[in-house]
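# Architecture at a glance
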Amino acid sequence: MPTLPLSPDELLSTTRAVRKRLDLERPVEREVLEECIRLAQQAPSGVNKQDWHFVVVTDPAKRAALGELYRRFGLQYLKGGAPAAGDARADEKARMRSSAEHLVDVIQDVPVHLVPCVERRIEGLPFMAQASTWGSILPAVWSFMLAARSRGLGTCWTTFHLAYEEEAAEILGIPYASVMQTALIPVAYTKGTDFRPGPRLPLEDAVHWDAW
């Protein structure tokens, strides 16, 4: 599929978490998803283990069932707290809450749910082993998101359904005892492709040279 005319820097700085601008009516072609997953497979993997799996959910009944789990926790979560006073991110709070609430309402209608998994469970493992696991799956998922953006698709890393991961595993036939779900990525074409860099904290608030 043709890709958008984005430079590497533009691609990296405009791959947003998309919720309200997902096109719920337009189907996403299987071959486009496969292109994105092939690129995701090129991401680094700890000791080249490549024990990732991508469960692609397009069946409406299964999306509806996942959506119920997502909504069950999402409604509780969205009643929760706000950024600390003086936090520059507080300016974005209302917009982000509205966006998250929208996705909770329509998650079952998003044409594709991508559930990235790894062949292990990390509960109770030492922190280093847990970090290694996330360090293997996250680059692959981010590569998928970048590939999707370049093809006019929007994505968003979400975790609400993981509050009921075992129920989700039953819906999708995932062997819960040995395979861990890491997210639910809604995937759809976007309404327009003109995304801009998001507001971020000043660099000096995030960078520490030689010491904290």
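Scroll up for the structure.
A short tour of the structure in this document, coming up. Computed from a predicted structure; not experimentally measured. (Residues numbered from 1 in each chain as written. Predicted model: local features only at pLDDT ≥ 70, side-chain atom pairs only at ≥ 80, totals over all residues. Heavy atoms only, no water.)

With that out of the way, let us pick up the pattern of salt bridges. Considering all chains together, one arrives at 8 salt bridges under this definition. When the shortest N-O distance is used, the salt bridge between R21 and D194 registers 2.9 Å. Note that R21 is positioned in the loop between α1 (8-14) and α2 (30-40) and D194 in the segment after β5 (185-189), a separation of 173 residues in sequence. A residue is classified by how much of its surface remains accessible, and R21, at 26% relative accessible area, is partly exposed. Across the pair E165 and R121 runs a salt bridge whose closest N-O atoms are separated by 2.8 Å. With E165 in helix α6 (residues 165-172) and R121 in the loop between β2 (112-118) and α5 (127-150), this residue pair connects regions lying 44 residues apart in the sequence. Taking relative accessible area as the criterion, E165 reaches 10% and is therefore assigned buried. Given the relative accessible area of 17%, R121 is considered buried. Each of R121, E123 and E165 takes part in a single network of salt bridges with overlapping partners. (Salt bridge = Lys/Arg side-chain N within 4 Å of Asp/Glu carboxyl O. Helix = DSSP H or I, 4+ residues; strand = E, 2+ residues; numbered from the N terminus. Buried < 20%, exposed > 50% of the residue type's maximum accessible area, 1.4 Å probe, protein only.)

According to the stated counting rule, one finds 4 aromatic pairs in the structure shown. Taking the centre distance of 5.0 Å and the plane angle of 45 degrees together, the rings of Y70 and F160 count as tilted. Taken together, the residues span a long stretch of sequence, with Y70 in helix α3 (residues 60-77) and F160 in the loop between β3 (153-154) and α6 at a distance of 90 residues. The burial state of Y70 is the same as that of F160; both residues are buried. (Phe/Tyr/Trp six-rings, centres within 6.5 Å; stacked < 30°, edge-to-face > 60°.)

Attention shifts here to α6. Burial in α6 covers these residues: E165, A168, A169 and L172. Down the axis of α6, the buried set is contained in an arc of 105 degrees. They therefore lie on one face. On its buried side, α6 packs onto β1 (52-57), α3, β2 and β4 (180-181). G173 sits one or two residues past α6 and shows a positive phi near 70 degrees. (Arc of directions from axis to C-beta. Contact = heavy atoms within 4.5 Å.)

Now for the environment of R200. Topologically, R200 is positioned in the segment after β5. Between the alpha carbons of R200 and A65 there is a distance of 35 Å; along the sequence they are 135 residues apart.

Phi is positive for N48, close to 55 degrees, though the residue is something other than glycine. With respect to the helices, strands and loops of the structure, N48 is situated in the loop between α2 and β1. Taking relative accessible area as the criterion, N48 reaches 55% and is therefore assigned exposed. In this model, Q50 sits at a positive phi of 55 degrees, which is unusual for a non-glycine residue.

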